[in-house]
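Remarks on the overall topology
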Amino acid sequence: GAGVSQSPRYKVAKRGQDVALRCDPISGHVSLFWYQQALGQGPEFLTYFQNEAQLDKSGLPSDRFFAERPEGSVSTLKIQRTQQEDSAVYLCASSLGVMNTEAFFGQGTRLTVV
Amino acid sequence: AQSVTQLGSHVSVSEGALVLLRCNYSSSVPPYLFWYVQYPNQGLQLLLKYTSAATLVKGINGFEAEFKKSETSFHLTKPSAHMSDAAEYFCAVFDSGTYKYIFGTGTRLKVLA
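The following refers to the structure shown.

Below, the discussion takes up the overall build of chain A. Helix and strand content of chain A: zero helices and eleven strands. Along chain A, from the amino end to the carboxyl end, the secondary structure elements read β-β-β-β-β-β-β-β-β-β-β. Taking 13 Å as the expected radius of gyration for a compact globule of 114 residues, we find that chain A reaches 13 Å, a close match to that expectation. C-alpha atoms of chain A, sized along the principal axes, occupy 40 × 25 × 25 Å. For chain A, the proportion of contacts with a sequence separation of at least 24, taken over those separated by at least 6, is 52%. By element, 48% of the accessible surface of chain A is carried by carbon and sulfur atoms, the whole surface being about 5400 Å². Positive and negative side-chain charges in chain A, numbering 11 and 11 respectively, have mean positions lying 9 Å apart.

Looking now at the nonpolar core. Ranked by size, the top nonpolar core spans 26 residues in total, and within it Trp35(B), Leu48(B), Phe74(B), Leu76(B) and Tyr89(B) carry the most contacts. Where this core is concerned, the elements lending two or more residues are β2 (10–14), β3 (19–26), β4 (32–38), β5 (44–50), β7 (64–68), β8 (73–78), β9 (87–95) and β11 (107–112) of chain B. What Leu48(B) contacts, discounting residues up to four positions off in sequence, is Leu33(B), Phe34(B), Trp35(B), Val57(B), Lys58(B), Gly59(B), Phe63(B), Glu64(B), Ala65(B), Phe74(B) and Leu76(B). Listed in part, the 20 residues of the second largest apolar core include Val4(A), Leu46(A), Ala67(A) and Leu111(A).

Now for the sheet that holds strand β8 (residues 75–79) of chain A. Hydrogen bonds along the backbone pair up the strands of a sheet, which may run parallel or antiparallel. Residues and elements named next belong to chain A. Sheet architecture is open: four strands sit in the order β1-β3-β8-β7, paired in antiparallel fashion. Sheet topology places β1 (5–7) and β7 (65–68) at the edges, where each strand pairs with a single neighbour. In this sheet, neighbouring strand axes are inclined to one another by 15° on average, regardless of whether the strands run parallel or antiparallel. As paired elements, β7 and β8 share four bridges and run antiparallel to each other. Within the sheet, the bridge partner assigned to phenylalanine 65 lies in β8 and is isoleucine 79.

Residue and element names in this part refer to chain B. Counted by the stated rule, this structure contains 20 aromatic pairs over all chains. Considering the side-chain rings of tyrosine 25 and phenylalanine 67, the 5.6 Å spacing of their centres and the 20° angle between planes classify their relative orientation as stacked. With a gap of 42 residues between them, tyrosine 25 in strand β3 and phenylalanine 67 in strand β7 connect regions that are remote in the sequence. With a relative accessible area of 9%, phenylalanine 67 lands in the buried category. On the basis of an interplanar angle of 50° and a centroid distance of 6.2 Å, the ring pair of tyrosine 50 and phenylalanine 74 is categorised as tilted. Highlighted residues: tyrosine 50 in strand β5 and phenylalanine 74 in strand β8, separated in sequence by 24 residues. Judged on exposure class, the residue tyrosine 50 and its partner phenylalanine 74 are both buried.

Another point: the pairing of strand β1 (residues 3–7) of chain B. Residue and element names in this part refer to chain B. Every second residue of β1 is oriented toward a common face, the buried set being Val4 and Gln6 and the non-buried set Ser3, Thr5 and Leu7. Across five bridges, β1 lies against β3 in antiparallel orientation. Pairing of threonine 5 across the sheet is with asparagine 24, part of β3.

Contacts between chain A and chain B engage 26 residues on the former and 21 residues on the latter. Approximately 1900 Å² of surface area, both sides summed, lies buried where chain A meets chain B, with 55% of it carried by carbon and sulfur atoms. Run the count over chain A and chain B and you get two salt bridges. Our count for the contact surface shared by chain A and chain B stands at nine residue pairs in polar contact (both at pLDDT 80 or more). The residue inventory of the side of chain A that touches chain B, partitioned by class, reads eleven nonpolar, eleven polar and four charged.

Rules used in this analysis
Residues numbered from 1 in each chain as written. Chains lettered and ligands numbered in written order. Predicted model: local features only at pLDDT ≥ 70, side-chain atom pairs only at ≥ 80, totals over all residues. Heavy atoms only, no water. Helix = DSSP H or I, 4+ residues; strand = E, 2+ residues; numbered from the N terminus. Rg over C-alpha atoms; globule rule 2.2 N^0.38 Å. Contact = heavy atoms within 4.5 Å. Areas by Shrake-Rupley, 256 points an atom, 1.4 Å probe, with all protein chains shown as cover. Lys, Arg positive; Asp, Glu negative; His and termini not counted. Charge placed at Lys NZ, Arg CZ, Asp CG, Glu CD. Core = buried A, V, L, I, M, F, W, Y, C linked by side-chain atoms within 4.5 Å. Buried < 20%, exposed > 50% of the residue type's maximum accessible area, 1.4 Å probe, protein only. Pairing = 2+ DSSP bridges. Axes fitted to C-alpha atoms, helices over the stretch in contact; angles between N-to-C directions. Phe/Tyr/Trp six-rings, centres within 6.5 Å; stacked < 30°, edge-to-face > 60°. Buried area = accessible area lost by both parts, 1.4 Å probe. Salt bridge = Lys/Arg side-chain N within 4 Å of Asp/Glu carboxyl O. Polar contact = N/O pair within 3.5 Å; in protein donor to acceptor, adjacent residues only side chain to side chain. Nonpolar A, V, L, I, M, F, W, Y, C, P; charged D, E, K, R; others polar.

Below, the structure written as structure tokens:
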């Protein structure tokens, strides 16, 4: 596609429910990032993939958060047993190469946990 | 570790006035610096980037930024604000050691008629 696509755009989950957020990066992009953006804050790093390898997951807030990119293209961020503090916008970004420094962001998924 | 600091969480300017949004960085190596803009309910859109070529970088929508190593700054400017510039602006640095983009806390720009 022409840009990074994320789905769903909006998700309302009941506390304790599991959710899965999808990211379709730009075709051929090697690097993929997930960020969490709380209301009124800047994006905070969650995790980074280089092709299918998850090279950094240091930003994942707890073991309830899990991300995968099994074939080096589409990625899924899964949150188990959602809590209210998980409410945020989840942004996905991709870039062409490892050291290519221009990241393209999707429109994000706004998760609201009630 | 690399970081960026944005001074001023909210900036208001009159339509037609100069826009100046401040960003200072901390880096032990030559940094890769970016400005992104975010409109309500949208993702981040790249305005411009500095990658050690020219110190004055021109971006989209009439914005530009100047890299000043002596001041560790990368301030964003636009000579004449337009109503459509109202948005949130984020300064970011790419940490080449950890492959992370590190963002500032953002500056919300309001343009007054």
